[in-house]
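Here is what each chain is made of, one letter per residue.
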Amino acid sequence: MVDTDPVPALAPKGILLKAETIAEPFLAEVKASLASLSRMRAPKLVGILATANAPSRSYAEFTRKQCVALGIEFELREVGGALGEAGVNSSGGADGDGVEEAIIEANADDTVDGIMVYYPIFGKEQDHYLQQIVSPFKDVEGLNYKFHYNLYHNIRYLEPKSLLASSPSLARAPAPLKNDVPPPGTVKSILPCTPLGVVKALERVGVYNALLSYGDRAYGRTITVVNRSEVVGRPLAALLANDGARVFSVDIDSVQEYTKRLVVASSASGDGAGAERATRRAYHPHHVVRPAPPEFDLARCLALSDVVVSAVPSATYKVPTAALKDGCVCVNVAADKNFEADVRDKASLYIPAVGKVTILMLLRNLLRLLQYQDLLKVES
């Protein structure tokens with residue numbers, strides 16, 4: 001007898017979603033906000049380039065093109081190694097020479113509305129110092145410690161005058177919010193551009209559930225973030241957890257769990273040696289970080305995750321496709337592709353880059369900083 005059963009068809013690949021498509025509503029939002037400005041001059045963004053790093057220069061040119069297209073004034077101020085070849089210019093200037101002075105000058109320049117500095121320059125610790133030199137009223141990248149404090153404590157709105165204080169006030173539990181409309185006299189706190197861009201991308205593709213309460217719309221999602229850098233990985237994990245997700249933060253030496261719903265032990269039930277320890281779920285106003293159970297390695301995290309975001313700055317690092325959960329969403333944040341070529345065999349949706357969303361988050365931040373200035377003027 002001849003076998004007449006049809007040959008099984010190959011499963012369709014997941015969707016490849018480019019950043020341009022995700023960015024469309026945010027581009028429209030920025031254009032509308034610019035059109036509604038009542039000020040006499042266009043907003044001005046200053047970029048400070050202090051190294052001969054080719055990706056930094058490319059990003060600066062990308063920023064310039066986006067600003068010019070939208071009618072935003074962009075000025076690139078080059079110092080140090082940016083003025084010459086291979087990090088040393090003809091006058092002997094090395095990478096980073098003059099960058100602190102350039103930041104201070106831009107802070108004092110009343111024609112400058114926003115500042116971005118192209119990192120890396122010196123390395124993690126010294127670059128962090130430079131990030132705190134930038135005035136919070138001009139920090140389009142959201143790297144000032146006051147903005148990070150708000151991010152980690154789930155403080156979504158601020159009074160601009162609070163940025164004048166030498167240190168943040170002790171965080172109080174934020175009041176529950178029905179929507180993302182700032183209470184009177186407040187403005188949204190600035191968030192770092194790349195983590196915010198990832199969150200907006202996940203909202204756009206339906207990972208967030210709009211039927212749930214604002215601030216908890218990622219509830220029910222398990223997300224793995226690979227890399228725990230202070231610029232992308234850690235703040236992204238915090239943002240997602242503060243929105244209700246269960247997040248595994250995976251780095252080279254550890255796995256941490258970020259969640260607002262922490263399972264804790266309560267009183268024992270039963271009598272004697274056989275008494276069982278009951279557990280309960282504590283709901284926190286902002287995320288709590290705990291070491292993940294020892295059995296949670298990368299493979300275990302990936303098998304559970306509805307979303308996988310990777311931001312490892314390495315051309316050789318790859319998230320193994322075989323370990324992914326069927327139908328997950330994968331987002332590549334690194335300059336080098338962190339996912340294998342067959343990622344869409346398992347992922348229902350793959351976003352290979354977020355740069356065009358990130359730049360719009362930066363420009364949204366620039367416009368928000370103008371709101372800070374306007375509110376300060378009203379209060380004074």
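Please read all numbers here as calculations on a predicted model, not as lab measurements.

J.: Help me out: how do you make sense of the overall build of the chain in this one?
T.: From N to C terminus, the chain includes nine helices and 13 strands. Buried positions account for 47% of the 380 residues belonging to the chain. A separation of at least 24 residues holds for 64% of the contacts in the chain among residues at least 6 apart in sequence. Within the structure as shown, the chain displays about 19,000 Å² of accessible surface, and the carbon and sulfur contribution to it stands at 55%.

J.: Help me understand the pairing of strand β3 (residues 73–78) in this model?
T.: Regular strands place their side chains on alternate faces of the sheet. Both strand β2 (residues 44–49) and β3 contribute to a ladder of six bridges, which runs parallel. Its bridge partner lying in β3, L45 is registered against F74.

J.: I'm lost on the sheet that holds β3 in this one. Help?
T.: Sheet strands pair via backbone hydrogen bonds, and the direction of the pair is either parallel or antiparallel. Within the open sheet, the three strands sit side by side as β3-β2-β4. Their pairing is parallel. Pairing within the sheet leaves two strands with one partner each, and these edge strands are β3 and β4 (114–117). Averaged over all adjacent pairs, the angle separating strand axes in this sheet is 20°, with direction ignored. Pairing geometry for β2 and β4, over four bridges, is parallel.

J.: Even after reading the chapter, I still don't get the environment of D306, so can you show me in this structure?
T.: Here D306 lies in the loop between α8 (298–304) and β11 (307–310). The exposure class of D306 is buried, given its relative accessible area of 17%. C-alpha separation for the pair D306 and K325, spaced 19 residues apart in sequence, amounts to 7.0 Å. Among residues more than four places away in sequence, those in contact with D306 are G220, R221, T222, K325, C328 and V329.

J.: How should I be thinking about the pattern of salt bridges in this particular structure?
T.: Side chains that differ in charge, positive against negative, can pair when their charged atoms come close. Going through the model one piece at a time under the given rule, you end up with 20 salt bridges. Residues K161 and E159 are paired through a salt bridge, measuring 3.9 Å at the closest nitrogen-oxygen approach. Among the salt bridges present, the one from R246 reaches E257, with a minimum N-O distance of 2.9 Å. Here R246 is found in strand β8 (residues 246–251), whereas its partner E257 is found in strand β9 (residues 254–269), with eleven residues between them in sequence. On the accessibility criterion, R246 (30% relative accessible area) is partly exposed. One connected set of salt bridges, linked through shared partners, spans K44, E73, E75, R77 and D109.

J.: Can you help me understand helix α4 (residues 124–133) in this one?
T.: Spacing of three or four residues puts side chains on the same side of an α-helix, whose turn is 3.6 residues. Taken residue by residue, α4 has D127, L130 and Q131 as its buried positions. Angular distribution of buried residues about the axis of α4 spans 105°; they occupy a single face of the element. Those residues of α4 hidden inside the fold are in contact with α3 (99–108).

J.: Hey, could you run me through the nonpolar core in this one?
T.: With 69 residues, the main nonpolar core has L45, L202, L240, V247, L363 and Y372 as its most contacted residues. The element contributing the most residues to this core is helix α9 (residues 355–379), with twelve residues. With sequence-adjacent residues up to four places away left out, V247 is seen in contact with I223, V225, A237, L240, A241, Q256, E257 and Y258. Counting residues in each nonpolar core, the second largest holds 14 residues, with I48, V99, I121 and V134 among its members.

J.: Just to check I follow, could you spell out the environment of K188 for this structure?
T.: Relative to the helices and strands, K188 resides in strand β6 (residues 187–188). The buried category is assigned to K188, whose relative accessible area is 18%. Taking C-alpha positions, K188 is 8.8 Å from E159, a pair spaced 29 residues apart along the chain. Ignoring sequence-local partners within four residues, the contact set of K188 consists of R156, Y157, D180, P182, R368 and Y372.

J.: Quick question: what am I supposed to make of the packing of α3 against α4 here?
T.: Where α3 meets α4, the closest approach of the two axes is 10 Å, and the angle between their N-to-C directions is 15°. One way to sum up the angle between α3 and α4 is to call them roughly parallel. The two elements α3 and α4 meet at a crossing, and its hand is right-handed. Counted together, V99, E100, I103, I104 and N107 of α3 and Y129, L130 and I133 of α4 form the full contact between these two elements. Of the residues that constitute the contact of α3 with α4, the class distribution is six nonpolar, one polar and one charged.

J.: How should unusual backbone geometry be read in this particular structure?
T.: A negative phi angle characterises most non-glycine residues, just as the trans form characterises most peptide bonds. Put simply, Y119 and P120 share a cis peptide bond, and its omega is 0°. Structurally, P120 is set in the loop between β4 and α4. With phi around 60°, N154 is a residue other than glycine that occupies positive phi space. By secondary structure assignment, the location of N154 is in the loop between α5 (145–152) and β5 (157–158). Taking relative accessible area as the criterion, N154 reaches 10% and is therefore assigned buried. Its identity as a non-glycine residue notwithstanding, N227 has a phi of 105°, on the positive side. Here N227 shows up in the loop between β7 (222–226) and α7 (233–242). Assessed through its relative accessible area of 12%, N227 is described here as buried.

Basis of the calculations
Residues numbered from 1 in each chain as written. Predicted model: local features only at pLDDT ≥ 70, side-chain atom pairs only at ≥ 80, totals over all residues. Heavy atoms only, no water. Helix = DSSP H or I, 4+ residues; strand = E, 2+ residues; numbered from the N terminus. Buried < 20%, exposed > 50% of the residue type's maximum accessible area, 1.4 Å probe, protein only. Contact = heavy atoms within 4.5 Å. Areas by Shrake-Rupley, 256 points an atom, 1.4 Å probe, with all protein chains shown as cover. Pairing = 2+ DSSP bridges. Axes fitted to C-alpha atoms, helices over the stretch in contact; angles between N-to-C directions. Salt bridge = Lys/Arg side-chain N within 4 Å of Asp/Glu carboxyl O. Arc of directions from axis to C-beta. Core = buried A, V, L, I, M, F, W, Y, C linked by side-chain atoms within 4.5 Å. Parallel < 35°, antiparallel > 145°, perpendicular 65-115°, else oblique. Left-handed = near helix turned anticlockwise from the far one by under 90°. Nonpolar A, V, L, I, M, F, W, Y, C, P; charged D, E, K, R; others polar.

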